[in-house]
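Coordinate analysis (summary)
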Amino acid sequence: MRYLILSDIHGNWEGLEAVLRDAEGDYEQVLCCGDLVGYGADPNRVVDWVRERANLVVRGNHDKGCAGLDDLEWFNPVARAAANWTSQSLTPDNLAYLRNLPKGPAVMDSFQILHGSPLDEDDYLVSNFAITQVAPYLERQLSFFGHTHLQGGFLCHRNGVIRLRRPEGAESREVIELENDGLYLINPGSVGQPRDGDPRAGYLIYDSDARLVEFRRVPYDIRAAQAKIRAAGLSELLADRLEFGN
Ligand code: ZN
């Protein structure tokens, strides 16, 4: 089975559209590691598409916040204003969908998907130390997560933690052959608001028969996404950062 694995779309329709064009014909199922909305100006379009096409979705902290399940006190002022705007813009059906999304980890055959960490969807898995701490809580050898908006991931071995390579510079794809031992924590990157210094939308394709993970980056119409953010009256910072991918 080939899976299209997406995370942190954040209401960016242009980013999602470019990913779908780039991935066309390369997958059978769609999985999403959370944060469908928040920051971007197209929450309904994104949620409509995910509702129709995704086979498994776990909720992210922004989905929770926008659906009224979390206190927005924890959000910084820019994120809070975007969450309030998103809540008011979502259709009642889409709000109900977000409210009912399962909390991760969610198991899919031989692997699982989650948003932040297996313990808390608000935790950021960034350091090798964080990986060794959560490793005992993983229910599968392979986990896909999001939340950090950093494409790549970790292989947790007897000998320590190894970082996986992502495509950089002019490269747009990087294939990882999964080994049989060790624990993998893999982040597809963010479709809608990358923060790893590469403004291109990030995603991955996982081929479970061949045991291959392919990180991918694709350019998208950043100008159009920025124009919608500005027209919606959302913070200028949210528009600007798309250009730099940080
Ligand atoms: Zn996010």
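The coordinates are above.
Residues numbered from 1 in each chain as written. Predicted model: local features only at pLDDT ≥ 70, side-chain atom pairs only at ≥ 80, totals over all residues. Heavy atoms only, no water.

This part takes up the coordination of the zinc ion. As a benchmark, a tetrahedral metal site with four donors has ideal angles of 109.5 degrees, while an octahedral site with six donors has ideal angles of 90 or 180 degrees. Those donors, D8 (OD), H10 (NE2), D35 (OD) and H149 (NE2), are the protein atoms that reach the zinc ion, and they lie 2.0 to 2.4 Å from it. Geometry at the zinc ion is irregular, judged from the 4 donor atoms that bind it and their angles of 87 to 177° at the metal. Written as a sequence motif, the donor arrangement for the zinc ion is D-x1-H-x24-D-x113-H. Placement of D8 in the loop between β1 (2–6) and α1 (13–23) and of H149 in the loop between β6 (142–144) and β7 (152–157) is noted, with a sequence separation of 141 residues between them. As far as the burial class goes, D8 and H149 line up, both buried. (Donors = N, O, S within 2.8 Å, 3.2 Å for Na, K, Ca; no water. Tetrahedral: all angles 85-135°; square planar, octahedral: opposite > 155°, others 65-115°. Helix = DSSP H or I, 4+ residues; strand = E, 2+ residues; numbered from the N terminus. Buried < 20%, exposed > 50% of the residue type's maximum accessible area, 1.4 Å probe, protein only.)

Once that is clear, we can look at α1. The buried fraction of α1 amounts to 8 of the 11 residues, a majority that puts the element mostly inside the structure. Taken as a whole, α1 has its buried residues at W13, E14, G15, L16, A18, V19, L20 and A23. In this structure, the buried side of α1 is in contact with β1, α2 (43–53), β11 (201–207), β12 (212–218) and α7 (222–231). By the N-cap criterion, in which a side-chain oxygen at the helix start approaches the backbone nitrogen of a residue two or three places on, α1 is capped by N12, the distance to E14 being 3.2 Å. One or two steps after α1, the chain reaches G25, where phi turns positive at roughly 85°. (Contact = heavy atoms within 4.5 Å. Polar contact = N/O pair within 3.5 Å; in protein donor to acceptor, adjacent residues only side chain to side chain.)

Applying the stated rule across the entire model yields 20 salt bridges. Across the pair E121 and R59 runs a salt bridge, and its minimum N-O distance is 3.0 Å. Of the two residues, E121 sits in the loop between β5 (111–113) and α6 (128–134) while R59 sits in the loop between β3 (56–57) and α3 (61–66), which places them 62 residues apart along the sequence. On the accessibility criterion, R59 (14% relative accessible area) is buried. Of the charged contacts, one joins E121 and K64 as a salt bridge, the two residues approaching to 3.1 Å between their closest N and O atoms. (Salt bridge = Lys/Arg side-chain N within 4 Å of Asp/Glu carboxyl O.)

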